[in-house]
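Listed below are the residues making up each chain.
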Amino acid sequence: MPTAASADPLPEPDTRAEAIHVEDLHKSFGSLEVLKGVSLKAKKGDVVAIIGGSGSGKSTMLRCINFLETPSSGRIVIDGEEVKVNADGSPADRRQIERIRTRLAMVFQQFNLWTHRTLLENIIEVPVYVLKVPRAEAIAQAKVLLDRVGLGDKIETFPAFLSGGQQQRGAIARALAVDPNVMLFDEPTSALDPELVGEVLTVIRDLAAEGRTMLLVTHEMKFAREVANHVVYLFEGRIEEQGPPAEVFGNPQSQRLKQFLSSVS
Amino acid sequence: MELILETLGLAESAKLLSLSPPGWGANLLRGLANSLKIASGAFGFGLLIGLFGAYGKLYGGPVLRDLLAIYTTVIRAVPELVLILILYYVGTDLINQASSAMGYGRVEISGIVAGIWVLGIVQGAYSIEVLRGAILAVPPGQIEAARAFGMPPLMTMWRVTIPAMMSFATPGLANLWLIATKDTALLAIVGFSELTLETRQAASSTRAYFTFFLAAGGLYLMVTLCSGAVFGRIEKWARRGQPSLREDRG
Ligand SMILES: Nc1ncnc2c1ncn2[C@@H]1O[C@H](COP(=O)(O)OP(=O)(O)OP(=O)(O)O)[C@@H](O)[C@H]1O
Ligand SMILES: [Mg+2]
């Protein structure tokens, strides 16, 4: 049997390794239970879109995966390695979680580029200081990445002097610089002016096409339908419905999803 | 007539302030050097206390936080002159007790070290508050991005939090530095020969009070002006990457 090309939109379930496995994830803030048992699997090369109303727990779920938030309970397995936790759910081994985080690059809604560093310095920061890549090598690689996201002429610019779309493309380059196994996007275009959304989506679309594993929280339904091979609909901390985009968008089963889709389109 | 008087007066002053022995200029400059040594030592010591204290206040356990709150409150409540007397005599006393307990005689404590210790403790209390405010002003997303990319806590502090808070901290720290230079004058009370004490000695030996205190005032002013220039540059550097307000308005 020939091996599947990674651009194939249909997942080849048996040959690809599991990149992310979330099992029965719960998260409460005080008495407010935000995640009520979420399970999710993504294989290498999967693009999973996470949709849902405001406050449904999308960001919280993403942030629990890299332990920016401490899950109340549940298991997180990244590339077959389970995150070790204490009785209270916090990471038991700081070095383990730091190592895992370097493979789970996150792209934030508010970009969060380091404002006191130039674009180039932002890109090489983690490779040089965390991953100990030789500086010259990191710079060479950063320039390639910045060219790729269309910012090759902005390397000495500070983030505050870039447009939102440019900052977000820079943030994507920063994420790519660690050569992550999985990329976590939390509404990467929500803070952007409408005319800047397209340039960022183009970059993400390219990444999907090249077979990057991604978890993508988004309000851009058309885009989710186009790039994702799996769509998860969250409602009040539970997965209400999930499946291939054609099913979830074309033939929604639950009443809530139908309502949600008609409200956003 | 007036002109002659004035030139005479100035000539007299110039002689008094001359650097070579009959004049007292060298003494004043030595005092100034001592003042600056103590001020920079105390400022640095205070910054160190401030950094640890600020992190302790923000992220420490309840006991540490209470202790730090007592420290900052007491130091900022008691007049500096009183504090200097307390810290100086308590400090020297403790050291002497310790040394006699170990079978040594009285130790001579260097004035510079004592001054740095005393003023450093005072400066530390203010530094804690300046730095704590600056750390809180750093947008949380900056630190979160570092965490999300697997940066360890100390590296995050060194590579992200401290550089990002610099622009918020420099105006307050510049004030603290100027206060440090002027607080050195208070050390005259424990007999430390910094600028103010040297000036007083020169003035009372020559009866030329006006000349010498005017000269000392001029020296303090010069320190302030130079410091302003230096901190201006530091602030400009710390604010790199931030669009200036003036440009925004224009
Ligand atoms: N740090 C926190 N402390 C307390 N409550 C929180 C915290 N973070 C999130 N919440 C609450 O958890 C719920 C889910 O928030 P979350 O940010 O995950 O929603 P979301 O699905 O990402 O929404 P949006 O589309 O608006 O970004 C919300 O009710 C929110 O108020
Ligand atoms: Mg969100």
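See above for the structure.
Residues numbered from 1 in each chain as written. Chains lettered and ligands numbered in written order. Predicted model: local features only at pLDDT ≥ 70, side-chain atom pairs only at ≥ 80, totals over all residues. Heavy atoms only, no water.

## A word on the pattern of salt bridges
Opposite charge on two side chains permits pairing when their charged atoms draw close.
Residue and element names in this part refer to chain A.
Item 1. Scanning all chains against the criterion turns up 21 salt bridges over all chains.
Item 2. Ionic pairing is found between Arg117 and Glu125, a salt bridge with its closest N-O pair at 3.4 Å. No difference in accessibility class separates Arg117 from Glu125, as the two residues are buried.
Item 3. Residues joined in a network through salt bridges with shared partners are Asp79, Glu81, Arg99 and Arg103. (Salt bridge = Lys/Arg side-chain N within 4 Å of Asp/Glu carboxyl O. Buried < 20%, exposed > 50% of the residue type's maximum accessible area, 1.4 Å probe, protein only.)

## Details of the site of ligand 1
Residue and element names in this part refer to chain A.
Item 1. Around ligand 1, 13 residues are found, and the nearest of them are Ser54, Gly55, Lys58, Ser59 and Thr60.
Item 2. Separating an oxygen atom of ligand 1 from a side-chain N or O atom of Lys58 is a distance of 2.7 Å.
Item 3. Ser59 is positioned such that a nitrogen or oxygen atom in its side chain is 2.7 Å from an oxygen atom of ligand 1.
Item 4. Among the elements of the structure, β2 (32-43) and α1 (58-65) are those that each provide at least two residues to the shell around ligand 1.
Item 5. The element that contributes the greatest number of residues to the shell around ligand 1 is α1, accounting for three residues. (Near = heavy atom within 4 Å. Polar contact = N/O pair within 3.5 Å; in protein donor to acceptor, adjacent residues only side chain to side chain. Helix = DSSP H or I, 4+ residues; strand = E, 2+ residues; numbered from the N terminus.)

## Let's talk about the sheet that holds β2 of chain A
All names here are of chain A.
Item 1. In spatial order, the strands read β2-β1-β4-β5; together these four strands make up an open sheet with antiparallel pairing. On the outer flanks of this sheet lie β2 and β5 (81-82), each paired with one strand and no other.
Item 2. Two strands pair when backbone bridges link them, and strand β1 (residues 18-29) and β2 are joined in this way by nine bridges, in the antiparallel orientation. Counted as the bridge partner of Val22 is Leu40 from β2.
Item 3. Most of the contacts of α1 go to β1, to which it runs at about 120°, and overall it touches β1, β2 and β4 (73-78). (Pairing = 2+ DSSP bridges. Contact = heavy atoms within 4.5 Å. Axes fitted to C-alpha atoms, helices over the stretch in contact; angles between N-to-C directions.)

## Some words on the nonpolar core
Item 1. Core analysis: the largest hydrophobic core is formed by 93 residues, its most contacted members being Ile20, Ile50, Leu146, Ile172, Leu184, Phe185 and Leu215 of chain A.
Item 2. The element contributing the most residues to this core is helix α6 (residues 194-209) of chain A, with eight residues.
Item 3. In this structure, Leu184 of chain A is in contact with Ile20, Leu62, Ile65, Asn66, Leu104, Ala105, Met106, Val107 and Leu215 of chain A, ignoring residues within four places of it in sequence.
Item 4. In this structure, Leu58, Met157, Leu173 and Ala180 of chain B belong to the second largest nonpolar core, which totals 22 residues. (Core = buried A, V, L, I, M, F, W, Y, C linked by side-chain atoms within 4.5 Å.)

## Notes on the interface of chain B and chain A
Item 1. Facing the 21 residues of chain B at the interface are 29 residues of chain A.
Item 2. Taking both sides of the interface into account, the surface hidden between chain B and chain A amounts to around 2300 Å²; carbon and sulfur atoms contribute 58%.
Item 3. Viewed at the interface, chain A and chain B are joined by two salt bridges.
Item 4. A salt bridge links Glu144 of chain B to Arg63 of chain A; the shortest N-O distance between them is 2.8 Å.
Item 5. Our count for the contact surface shared by chain B and chain A stands at eleven residue pairs in polar contact (both at pLDDT 80 or more).
Item 6. At the level of elements, α6 (140-148) and α7 (153-183) of chain B are the ones that each hand at least two residues to the side of chain B that touches chain A. (Buried area = accessible area lost by both parts, 1.4 Å probe.)

## Brief notes about empty space enclosed by the protein
Residues and elements named next belong to chain B.
Item 1. Within this structure, the stated rule accounts for two cavities of 30 Å³ or more.
Item 2. Taken as a whole, the largest cavity encloses approximately 40 Å³ of empty space.
Item 3. In terms of residue count, the dominant contributor to the lining of the largest cavity is α7 (three residues).
Item 4. By residue class, the composition of the lining of the largest cavity is three nonpolar, four polar and one charged.
Item 5. By volume, the second largest cavity is sized at about 30 Å³.
Item 6. Looking at the second largest cavity, the residues that line it are Leu32, Ser35, Leu36, Thr181, Tyr220 and Val223.
Item 7. Contributing elements (two or more residues each) for the lining of the second largest cavity: α2 (25-59) and α9 (209-238).
Item 8. Ranked by residue count, the leading element in the lining of the second largest cavity is α2, at three residues.
Item 9. For the lining of the second largest cavity, a count of residues per class yields four nonpolar, two polar and no charged. (1 Å grid on protein atoms, 1.4 Å probe; cavity = no way out; pocket = protein on both sides within 12 Å on 5 of 7 lines; lining within 4 Å. Points joined across faces, edges and corners; volume = space filled by probe spheres on them. Nonpolar A, V, L, I, M, F, W, Y, C, P; charged D, E, K, R; others polar.)

Function-wise, these values are silent; they only describe arrangement.
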